[in-house]
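Residue-level listing of the chains:
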Amino acid sequence: MSLILKAVENIPLIEKGDDIADIICKNAPDIADKDVIVIASTIVSKSLGLTFREEDVVPSAEAKRIAALNGKDPRFVQAILDESVEVFTEAPFMLVRNKNGHVCINAGIDASNVGNGLLLKLPDNPDKHAAAIGKSIEQKTGKKISVIITDTNGRAFKEGQTNVAVGLYNIKAIRQWIGEKDLYGMVLEISEEAVVDEIAGAANLVMGEGGGGVPAVIVSGLDLYVDETVSVTEMYRSKERDVLIRGLLELKNE
Ligand code: GDP
Ligand code: MN
Ligand code: MN
Ligand code: MN
C-alpha cells in the first residue's frame, strides 16, 4: 500500500460566498474515485462568512467572571460561551464542548490565517458542509470521493497540536478492529482506529499552520470510501464514558 498526499495549489484567499468545491476542482483537475479531499475548516468558515470582531461582542456577567479568572478579554470569553454547550475548564484556558459536540479549546475560535484582526468561528454542523462540498465535487468530477473537514487541536497529555476531523462525508470516523485477529491469532477486543483523525494529521503535514496557503489536500491510495450517511459525532465520547471530562467537572464544582 502507498499513500499520496497532494497539496491543492493556487487557492486564493477565501472570502464569504466563495464556492470551495468549484475552487478545489479548478485547481485539482485529477481527482479520482476514492480520493479523500481534506479541507481546513478555516476556509469553510471564511466561505460561510463566520468572521467577527471581538469589539462587536457584548460580554455578559458570566463572561466577565470567567475573564477575571483566565485573563482573557471578556468579549472573547463571551464569543466562546456563545459557541459552547458546556464548559469544562474556565482557567487557565477554556476547554468546552462546542455546539457540534466537539471538545476543544476556545470552541475552535481562531485568529490565525483570518486577517484584518478578525476572529473566525467553526461552522455549525460541519458534516452538513462536508456533504455539500463533497456532493458538489462529485457532480463536477463524476468521481466518488470522501471529504474530511479539519481543525488544529491540542491534545491531553502532550505538547504539540495536530489536525483532527471536525466534519465528514462518505468516510466513517472509525475503522473497527474489534473481532479481528492480531499476528498471533489473539482476537482484538477494544481496537478502534480513528482513521479520519489519522488522515487529518497526515494532511496537515502538507497544510502546515502558517502562511503556506494550502487549505486543501487530496489523499489518494486509501480504500475507505463509503456511500452512506456518516457523522464525525460518532467519535465524540459521551460524558458517561469519559473519566477525564467527569474529573474536570468534579474539580470545577468543588
Ligand atoms: P485551521 O487548522 O482550520 O485553523 O487552518 P490553519 O489556519 O491552520 O490553515 C491551514 C492551511 O490553510 C495553511 O496552509 C494556511 O496558510 C491555509 N489557508 C488558510 N486560509 C486560507 C485561504 O483563505 N487561502 C489559502 N490559499 N490558504 C489558506
Ligand atoms: Mn487558523
Ligand atoms: Mn483553527
Ligand atoms: Mn491548522
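So, how was this worked out
Residues numbered from 1 in each chain as written. Chains lettered and ligands numbered in written order. Predicted model: local features only at pLDDT ≥ 70, side-chain atom pairs only at ≥ 80, totals over all residues. Heavy atoms only, no water. 1 Å grid on protein atoms, 1.4 Å probe; cavity = no way out; pocket = protein on both sides within 12 Å on 5 of 7 lines; lining within 4 Å. Points joined across faces, edges and corners; volume = space filled by probe spheres on them. Helix = DSSP H or I, 4+ residues; strand = E, 2+ residues; numbered from the N terminus. Nonpolar A, V, L, I, M, F, W, Y, C, P; charged D, E, K, R; others polar. Core = buried A, V, L, I, M, F, W, Y, C linked by side-chain atoms within 4.5 Å. Buried < 20%, exposed > 50% of the residue type's maximum accessible area, 1.4 Å probe, protein only. Contact = heavy atoms within 4.5 Å.

A few points about the layout of surface pockets
And step 1. When its volume is computed, the second largest pocket comes out at roughly 170 Å³.
And step 2. Lining the second largest pocket are 13 residues, and of these M1, V195, I199, L222 and L224 lie nearest its centre.
And step 3. When residues in the lining of the second largest pocket are grouped by element, the largest group, four residues, is from helix α6 (residues 195-207).
And step 4. The residue makeup of the lining of the second largest pocket, split by class, is nine nonpolar, no polar and four charged.

Quick word on the nonpolar core
And step 1. Grouped together as the largest cluster of nonpolar side chains are 26 residues, with contacts concentrated most on I24, I31, I37, I39, I137 and V147.
And step 2. Every element with two or more residues in this core is listed here: α1 (20-27), β2 (36-40), α2 (41-47), α5 (126-141), β8 (146-153), β9 (162-169) and β12 (216-220).
And step 3. With sequence-adjacent residues up to four places away left out, I31 is seen in contact with I24, I37, I137, T141, K143, I145 and I218.
And step 4. In terms of nonpolar packing, the next biggest core, distinct from the first, is built from 23 residues, V38, I171, A173 and V196 among them.

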